[in-house]
Structure formats: C-alpha cells, structure tokens
Amino acid sequence: MTKEEMIDSLIQQISCMQNYAQVESVILDISRVAAVHGLPVSQCFSKLEITIEELSPMNLTSTQWSCFRYALICLREKASLLRKYRRH
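Described in the following lines is the structure provided in the data block. (Residues numbered from 1 in each chain as written. Predicted model: local features only at pLDDT ≥ 70, side-chain atom pairs only at ≥ 80, totals over all residues. Heavy atoms only, no water.)

1. Focus on the nonpolar core
By size, the foremost hydrophobic cluster in this structure holds 26 residues, and its most contacted members are V23, I27, I30, L48 and I52. Among the elements that line this core, the one with the most residues is helix α4 (residues 62-87), at eight residues. Not counting chain neighbours up to four residues away, the residues in contact with I30 comprise M6, L10, C44, F45, L48 and L75. (Core = buried A, V, L, I, M, F, W, Y, C linked by side-chain atoms within 4.5 Å. Buried < 20%, exposed > 50% of the residue type's maximum accessible area, 1.4 Å probe, protein only. Helix = DSSP H or I, 4+ residues; strand = E, 2+ residues; numbered from the N terminus. Contact = heavy atoms within 4.5 Å.)

2. Comments concerning the packing of aromatic side chains
Enumeration over the complete set of coordinates arrives at one aromatic pair. Relative to Y70, the ring of Y20 lies with its centre 4.2 Å away and its plane at 15 degrees, an arrangement referred to as stacked. Here the residue Y20 occupies a position in helix α2 (residues 20-36), and Y70 occupies one in helix α4, the gap between them amounting to 50 residues. The ring of W65 carries R69 above its face, with NZ or CZ at 4.2 Å from the centroid. (Phe/Tyr/Trp six-rings, centres within 6.5 Å; stacked < 30°, edge-to-face > 60°. Lys NZ or Arg CZ within 6 Å of the ring centre and 35° of its normal.)

3. A closer look at the side chain of S15
Looking at the secondary structure, you find S15 in helix α1 (residues 3-15). Owing to a relative accessible area of 16%, S15 belongs among the buried residues under this scheme. Contacts of S15, omitting those with residues within four sequence positions, involve Q64 and F68.

4. Digging into the packing of α2 against helix α3 (residues 41-53)
The N-to-C vectors of α2 and α3 enclose an angle of 135 degrees; their axes lie 9 Å apart at closest approach. Taken together, the axis directions place α2 and α3 in an arrangement best described as oblique. You can see that α2 and α3 cross each other, and the crossing is right-handed. Residues I27, I30, S31 and A34 of α2 form the contact with α3, whose own contacting residues are V41, C44, F45 and L48. Residue classes in the contact of α2 with α3 are distributed as seven nonpolar, one polar and no charged. (Axes fitted to C-alpha atoms, helices over the stretch in contact; angles between N-to-C directions. Parallel < 35°, antiparallel > 145°, perpendicular 65-115°, else oblique. Left-handed = near helix turned anticlockwise from the far one by under 90°. Nonpolar A, V, L, I, M, F, W, Y, C, P; charged D, E, K, R; others polar.)

5. Examining the pattern of salt bridges
Opposite charge on two side chains permits them to pair, given that their charged atoms come into close proximity. Counted under the stated rule, the structure contains three salt bridges. One salt bridge in this structure joins E49 and R76, with 2.9 Å as the shortest N-O distance. Here the residue E49 occupies a position in helix α3, and R76 occupies one in helix α4, the gap between them amounting to 27 residues. Overlapping salt bridges, with partners in common, bring together E49, E53 and R76 in one network. (Salt bridge = Lys/Arg side-chain N within 4 Å of Asp/Glu carboxyl O.)

Note that all results are geometric; they support no functional claim without further evidence.
Right, dumping it as structure tokens:
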C-alpha cells in the first residue's frame, strides 16, 4: 500500500463515520497501519491533514464535515505527541 492509497482509504473511512469515537479510533490506528506497510508515520499524518484541509464543506454533509474537523484535531494532537517523543 502506498501513502496515497492509505490516505484515500482513510478519507473514505472518515466520510462514512457517524461519531467522534469512530474518527478517533481510526486516527489512533494510523501509526500501526503505516508501520505494517512500511510508511513514515509523520508523512502520513501530514498528508492526511493537508488532504482534509483541502476538502470543501459544500461537498459534504454536516456529519462528514464535523468528523473531518474532529479528525484534524486528533491528527494535530497525535502529531504533537510524536514530535515530543522524538525529541527525547
């Protein structure tokens, strides 16, 4: 699986979610999935964040938009933790 395929899959998954718990579960699992496929976790986080930021709310339902916004919050928190971890 390439990084782009993984991001496409994550976008598709998040677009079908109905609540924040589902979103958080997928975001928390990114590190494991990336490692299984030999992908750099930080690059996966960055690419997913950029892809979500580029989504237009006009093309999404309110639930999808809310889930994508929450995914960004989770991504930024997890990325921050990874940066702290790498410094030590």
